[in-house]
Amino acid sequence: MLKRVLWVLALMCAAVAVPSPAQADNPIVQTVYTADPAPLVHNGRVYLYTGHDEDNSTYFTMKEWRLYSSADMVNWTDHGSPMSLATFSWASADAWAGQVVQRNGKFYWYVPVKNRSTGRMAIGVGVASSPTGPFADALGRPLVENGEIDPTVFVDDDGQAYLYWGNPNLWYVRLNTDMISYSGGVNQIPLTTAGFGTRTGNASRPTLYEEGPWVYKRNGLYYNVFAAKCCSEFIGYSTAPGPTGPWTYRGTVMPTQGSSFTNHAGVVDFNGGSYFFYHNGALPGGGGYTRSVAVERFSYNADGSIPAITMTTAGAPQNGTLDPYARQEAETIAWSSGVETEPASEGGMNVGFIDNGDYIKVEGVAFGSGATSFSARVASAAGGGRIELRLGSPTGTLAGTCTAPGTGGWQTWTTVTCPVNGATGTQDLYLRFTGGSGSLFNMNWWQFAGASGTTNLLTNGTAENGTTGWRVFGSGTLSSDTGVVHGGARSLALTGRTGAWNGAAQDVTAQLVSGRTYTTSVWVRGQGAGATTAKATLAITAGGSTSYVSLTPATAVNASGWVQLTGTATVSWSGTLSGATWYVETASGTDGYYLDDAVFQ
C-alpha cells in the first residue's frame with residue numbers, strides 16, 4: 001500500500017523540514033488512501049472517520065471505512081477498520097462518505113451503501129459502545145433509501161437530531177431519540193440560488209450545491225458546509241437561523257485545488273482551535289479515485305463567517321506535546337515512509353512490512369530533562385533488524401539503537417530495551433529502521449524511561465504483566481482482563497467495591513520527594529450501567545496524619561468507552577513520610593471499573 005511511491009515524497013518532506021513549532025504533515029495518513037473525513041471530538045481526542053480508496057482505483061472503489069485519532073492534531077493513531085461493507089448483510093458495494101455522532105452512551109455511524117436488493121444507494125447505521133468500535137448493523141436494513149448519498153447528522157441544543165443527505169438534491173429527516181428511526185417523513189430542502197449560490201452552464205442544477213453536506217451550529221447560527229459545482233469541486237457554505245433553513249449562501253471556504261476532482265469537508269472545534277478537514281490527491285499515485293485526508297487550522301471572522309482556506313503541505317500546528325514516558329502505539333504517526341499497519345494479535349494495530357530505511361516520524365515529543373532508555377514491543381519471522389532513535393530528521397542525532405531479534409513469528413512478541421543519550425527537551429522523534437533485505441520485523445508499541453521525575457513510578461502501569469505491582473485500596477477484587485483493553489493485550493478489572501473510595505492502587509512511598517510536581521495519566525472505563533466521575537488520588541501518611549492530594553480532576557466515566565484522567569499536582573508533607581498510596585476512586589457508587597496505561601511521574 002503506497003510503500004515505494006511514498007519513499008520519494010518522504011525524502012522531499014524531510015528536505016524541507018522546518019524547526020518548531022512542530023507542524024503536521026499533510027496528508028495526515030500516508031499508509032493508505034483515505035477520503036471523506038468525518039471528525040468527532042470525544043474525551044480529549046479527535047476521532048477521524050474516513051473512507052478508504054483502494055490502491056490503483058479507477059472509480060470510487062471503497063470496501064471499508066477507517067479510523068484514526070489524535071490528542072494533538074499532529075500524531076495520529078491508526079485504529080484500523082472498525083466497519084466495512086460486511087457489517088451490512090444487505091449491502092453489496094460502495095462504502096462511501098459517512099459521519100459518526102455520539103448519543104445515549106453509544107456511537108452511531110451513518111453511511112451510504114448500495115442496497116443489494118434494489119441496486120440503489122441507501123443510508124445504513126452502524127452502532128458501537130466505543131468510538132473505536134467495532135460497529136454492528138443497528139437495524140439490519142436501511143434507515144432511509146432514495147438513491148442519494150453523503151449523510152451528515154447534527155444534534156441540536158434542544159435534543160432534536162437531524163439527518164441530512166443528498167446528491168443531486170438535499171434531504172433531511174428528524175431522527176428520534178433512539179437515533180435509528182425518524183418521524184415526520186422525508187423532507188426536501190429547496191435548493192435556491194439565494195440559499196446555495198448560482199451555478200452556470202448546467203440548467204438541470206442551477207445552484208452550487210453538489211453533495212457532501214456537513215451541518216453544525218456555532219453561536220446560535222447553523223452552518224452547512226458542502227461540496228460545490230462538480231467538477232472539479234470546491235467547498236462552499238451557507239448559514240441559517242434554524243436547522244432546516246432558510247439558508248443563505250455565504251461563499252467559498254476552499255477553492256478548487258489539489259489533484260482530486262472531488263472534495264469533502266468536516267469541521268470541528270478542539271482544544272481552543274477550529275479545524276477544517278478535507279481531501280485531495282496529494283500522495284504519490286493520488287487523484288480523483290485515490291484521495292488523501294488533510295487538515296488546516298483556522299479562525300472564524302468576528303462576524304462568524306468562515307475565511308477562505310488554502311490547502312497546505314504543512315497542515316495544522318501541534319496542539320500540545322506527546323509524552324514519551326507513557327506507552328505509545330507504534331501506529332501513532334505524524335509522517336511515515338514505507339511502513340504499513342495491520343491488526344495485532346495483542347490487540348489494536350501494529351506497524352509492519354518494515355524494510356531497511358523505512359521510518360516513522362513522531363512530532364513534538366516532550367523528553368523533558370532527558371530519556372535514559374527506550375523499550376519496544378517487536379516480532380519477526382525473519383532475522384529482525386534495528387530501531388535507530390533519530391532526533392530532528394531521519395538522519396539527525398542518533399540517541400540510541402535497539403536491536404529487534406527474530407522471534408519465530410510476525411505476531412510472536414517480545415520486548416527489547418536499549419540505552420538512550422541526548423534526548424532532552426521537546427523534539428521530533430524519528431524511528432528509523434535498518435537491517436537486511438525484505439521485511440525486517442513488526443512493532444506494536446514503544447516507551448521511553450528517563451531520569452528521576454520522568455520515569456513512570458508505577459510498576460506494570462500498562463497492566464501487561466497482570467496484577468503485578470497492584471493491590472486494592474479498601475475493598476474489592478482486582479484481576480487481569482483481556483476482553484476490554486485500552487492498549488496492548490491486558491487491562492485491570494476491579495470488582496466488588498464496597499465504597500466509592502475503593503480503588504486499584506500502588507504503594508509509591510519510596511518514590512516520592514516532598515515539594516516535587518508529579519504528572520498523572522491513566523485510562524479508566526466503567527463497568528456498570530450508570531455514570532459517575534473518577535479521579536486519581538494520592539493518600540499521604542506523614543507525621544502521624546493522613547492527607548489526600550487530588551492528582552487529576554474528577555472526570556465523567558461510564559461503560560461506553562475509555563476516558564483519560566490526567567493532571568499535575570505538587571506533593572509535599574511535614575514530618576516523616578510513612579506511607580503513600582496512589583489509587584483511582586469514584587465520586588459515588590460502587591460499580592467496578594477497568595484501568596489501563598497508568599503513568600505517575
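First, a word on scope: everything that follows refers to the structure included in this document. (Residues numbered from 1 in each chain as written. Predicted model: local features only at pLDDT ≥ 70, side-chain atom pairs only at ≥ 80, totals over all residues. Heavy atoms only, no water.)

1. Here's the deal with empty space enclosed by the protein
Part 1 of the reasoning: Counted according to the given criterion, the structure contains 3 cavities of 30 Å³ or more.
Part 2 of the reasoning: Quantified by volume, the largest cavity comes out at close to 90 Å³.
Part 3 of the reasoning: Every residue lining the largest cavity is listed: Ile28, Val29, Gln30, Thr31, Tyr68, Trp76, Asp78, Glu331, Ile333, Ser336 and Thr341.
Part 4 of the reasoning: Among the residues forming the lining of the largest cavity, the class breakdown is 5 nonpolar, 4 polar and 2 charged. (1 Å grid on protein atoms, 1.4 Å probe; cavity = no way out; pocket = protein on both sides within 12 Å on 5 of 7 lines; lining within 4 Å. Points joined across faces, edges and corners; volume = space filled by probe spheres on them. Nonpolar A, V, L, I, M, F, W, Y, C, P; charged D, E, K, R; others polar.)

2. A short note on the pairing of strand S9 (residues 121-128)
Part 1 of the reasoning: Of all 8 residues making up S9, 8 are buried, and the element is well covered by its neighbours.
Part 2 of the reasoning: Here S9 shows two buried faces, one formed by Met121, Ile123, Val125 and Val127 and the other by Ala122, Gly124, Gly126 and Ala128.
Part 3 of the reasoning: In this structure, the hairpin formed by strand S8 (residues 106-115) and S9 is closed by a connection of 5 residues, where Gly119 is found at a positive phi of approximately 75 degrees.
Part 4 of the reasoning: Strand direction decides the pairing type here: S9 and strand S11 (residues 144-145), joined by 2 bridges, are antiparallel. Across the sheet, residue Ile123 finds its bridge partner in S11, namely Val144.
Part 5 of the reasoning: Bridge analysis of S9 against strand S10 (residues 136-137) gives 2 bridges, and the strand direction is antiparallel. (Buried < 20%, exposed > 50% of the residue type's maximum accessible area, 1.4 Å probe, protein only. Helix = DSSP H or I, 4+ residues; strand = E, 2+ residues; numbered from the N terminus. Pairing = 2+ DSSP bridges.)

3. Here we look at the state of the cysteines
Part 1 of the reasoning: Taken as a whole and judged by the stated rule, the model has 2 disulfides.
Part 2 of the reasoning: Residue pairing for Cys230: its cysteine sulfur links by disulfide to Cys231, the two sulfurs lying 1.4 Å apart.
Part 3 of the reasoning: Here Cys230 falls in the partly exposed class, since its relative accessible area comes to 31%.
Part 4 of the reasoning: For Cys402, the disulfide goes to Cys418, at an S-S distance of 2.2 Å. Judged by the sign of its S-S torsion, about -110 degrees, the cystine formed by Cys402 and Cys418 is left-handed. Here the residue Cys402 occupies a position in strand S31 (residues 397-404), and Cys418 occupies one in strand S32 (residues 409-419), the gap between them amounting to 16 residues.
Part 5 of the reasoning: Of the residues examined, Cys418 reaches a relative accessible area of 5% and is grouped as buried.
Part 6 of the reasoning: Regarding the disulfides, the chain carries the connectivity 1-2, 3-4 under sequence-order numbering of its bonded cysteines. (Disulfide = S-S within 2.5 Å.)

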